[in-house]
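Here's the letter readout for the chains.
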Amino acid sequence: MIPAGGLGTRFLPATKAVPKEMLPVVDKPLIQYAVEEARAAGIDSFVFVTARGKAVLEDHFDHATALDELLAADGKEDLRRAAAATALSAGMVAHVRQPAPLGLGHAVWCARHVVGATPFAVLLPDDLVLSEQPCIGQLLDAHREHGGNVVAVMDVPRADTGRYGVLDVAADDGRLASVQGLVEKPAPADAPSTLAIVGRYVLDPSVMAALDAQEPGAGGEIQLTDAMARTVGDVPFHGLRFEGRRFDCGDKLGFLEANIACALARPEMAAAARDILARFA
Ligand code: UTP
């Protein structure tokens, strides 16, 4: 599942008419990185949670026959392949509407009838992760071993805990932490640890059931973290320190950093990008 129903206010005015999830990092919209990560991990069925003004997301992952024919006729094979590769298979994609941006938990709950009573993966498109093995694939491996809920985590400076969902850790082997509680956006002094959740989850269906309560939490929003917290003790719950580098693309500087990192990771543009950076540094 890919929640994309938020307003993206931190990117105004860019996001007044263009969904945040469609902002390009180099030449691909943010949301495409999330879809490619999921596909590389073997996920082939997608639910997008969208909202008013986000219809362009549907088109992006659809076939574009006229464009395809034009590029083929012009012999522009590379561009044709790049455009065609974004199309998702027939019947493997559903778009669900979130009628109002009431929070991430609410966005996930809006997809409850499509997801059904099975474990499901959630990828937040504004967290871009560059890694050897897809981040969500690392979580799926841990889920196969341990079941229950598995969330991607990273160590953050204590001063930053107020920006994240934070784990209360029962045991920690340095890679996998078992969770005994969760707090959404705790003040640094109140944070039970500095292990913060980033936007990748494999969740037990009981989280969806917990969302039925529709209780607002931090910031008056219906928080996914609160629903996950309600399942602690009922199902196994782990935080995985994933291998890879995460960029917070919901934030302007994080987005800029992601653009630089992705340009430098592309063999055909790395040298030129390095020259540009040297000129401005
Ligand atoms: P954010 O809180 O970072 O996104 O949500 P936002 O609210 O759109 O951005 P700002 O803070 O106003 O700039 C993370 C992800 O959860 C989705 C967003 O679309 C984003 O992909 N989300 C958030 C929803 O789908 N619905 C919501 O009600 C809130």
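Use the structure listed above.
The notes below deal with the structure included here. (Residues numbered from 1 in each chain as written. Predicted model: local features only at pLDDT ≥ 70, side-chain atom pairs only at ≥ 80, totals over all residues. Heavy atoms only, no water.)

What to know about the overall build of the chain
If you tally the helices and strands in the chain, you get 11 helices and 13 strands. Taken against the 2.2 N^0.38 rule, which gives 19 Å for 281 residues, the C-alpha radius of gyration of the chain at 19 Å falls within 12% of a compact globule. A principal-axis box enclosing the C-alpha atoms of the chain has dimensions of 60 × 45 × 40 Å. Counting all 281 residues of the chain, 47% fall into the buried class. Sequence separation of 24 or more characterises 73% of the internal contacts of the chain that already satisfy a separation of 6 or more. As displayed, the chain offers around 13600 Å² of accessible surface, 55% of which is attributable to carbon and sulfur atoms. One finds the centroid of the 26 positive side-chain charges in the chain at a distance of 5 Å from the centroid of its 37 negative side-chain charges. (Helix = DSSP H or I, 4+ residues; strand = E, 2+ residues; numbered from the N terminus. Rg over C-alpha atoms; globule rule 2.2 N^0.38 Å. Buried < 20%, exposed > 50% of the residue type's maximum accessible area, 1.4 Å probe, protein only. Contact = heavy atoms within 4.5 Å. Areas by Shrake-Rupley, 256 points an atom, 1.4 Å probe, with all protein chains shown as cover. Lys, Arg positive; Asp, Glu negative; His and termini not counted. Charge placed at Lys NZ, Arg CZ, Asp CG, Glu CD.)

Brief notes about the side chain of R246
Relative to the elements of secondary structure, R246 occurs in strand β13 (residues 245–248). In this structure the side chain of R246 is engaged in a polar contact, spanning 3.1 Å, whose partner is the side chain of Y164. R246 has contacts with D127, L128, V129, M154, Y164 and V198, leaving out every residue within four places of it along the chain. (Polar contact = N/O pair within 3.5 Å; in protein donor to acceptor, adjacent residues only side chain to side chain.)

Remarks on the pattern of salt bridges
By the definition in use, this model includes 19 salt bridges. Across the pair R163 and D160 runs a salt bridge whose closest N-O atoms are separated by 3.9 Å. D160 sits in the partly exposed class, given a relative accessible area of 24%. Linking R245 and E257 is a salt bridge whose minimum nitrogen-to-oxygen distance equals 2.8 Å. Taken together, the residues R245 in strand β13 and E257 in helix α10 (residues 252–264) connect sequence positions 12 residues apart. The class of E257 is partly exposed, set by a relative accessible area of 37%. The network of salt bridges with common partners includes D68, E77, D78, R80 and R81. (Salt bridge = Lys/Arg side-chain N within 4 Å of Asp/Glu carboxyl O.)

So, the sheet that holds strand β1 (residues 2–3)
Strand order across the open sheet formed by three strands is β1-β4-β5, with parallel pairing between neighbours. The sheet is open, and its two edges are formed by β1 and β5 (93–97), each paired on a single side. For β1 and strand β4 (residues 46–50), the ladder comprises two bridges, and the chain directions are parallel. Along β4, the bridge assignment pairs P3 with V49. Contacting β1 and β4, helix α1 (residues 30–40) runs over the sheet at an angle of about 160 degrees to β4. (Pairing = 2+ DSSP bridges. Axes fitted to C-alpha atoms, helices over the stretch in contact; angles between N-to-C directions.)

As for the site of the ligand
In the neighbourhood of the ligand, 18 residues make up the surrounding shell, with G5, G8, T9, R10 and Q98 lying closest. Between the ligand and the protein, one listed contact pairs an oxygen atom with a backbone N or O atom of G5 at 2.7 Å. One of the backbone N or O atoms of G103 is found 2.8 Å from an oxygen atom in the ligand. Here the residues of the shell around the ligand are counted per class, giving eight nonpolar, six polar and four charged. (Near = heavy atom within 4 Å. Nonpolar A, V, L, I, M, F, W, Y, C, P; charged D, E, K, R; others polar.)

Observations regarding the nonpolar core
If you look at the biggest cluster of nonpolar residues, it comprises 32 residues, and the most contacted ones within it are M1, L167, Y201 and M228. Taken together, the elements giving at least two residues each to this core come down to β4, α5 (104–109), β6 (120–123), β8 (149–155), β10 (176–184), β11 (195–203), α8 (205–211) and α9 (224–230). Look past the residues within four positions of M1 in its chain and what remains in contact with it is V47, V49, V108, A111, V115, F120, A121, V122, L123 and M208. M22, A121, V129 and V202 belong to the second largest nonpolar core, which has 29 residues in total. (Core = buried A, V, L, I, M, F, W, Y, C linked by side-chain atoms within 4.5 Å.)

Digging into a nonpolar patch on the surface
On the surface, a cluster of nonpolar side chains totalling about 350 Å² of accessible area is made up of L253, L256, I260 and L277. Among the elements that line the nonpolar patch, the one with the most residues is α10, at three residues. Look at I260 and you get partly exposed, because its relative accessible area is 31%. (Patch = residues over 30% accessible without salt bridge, like charges linked within 9 Å, V, L, I, M, F, W, Y side chains within 5 Å.)

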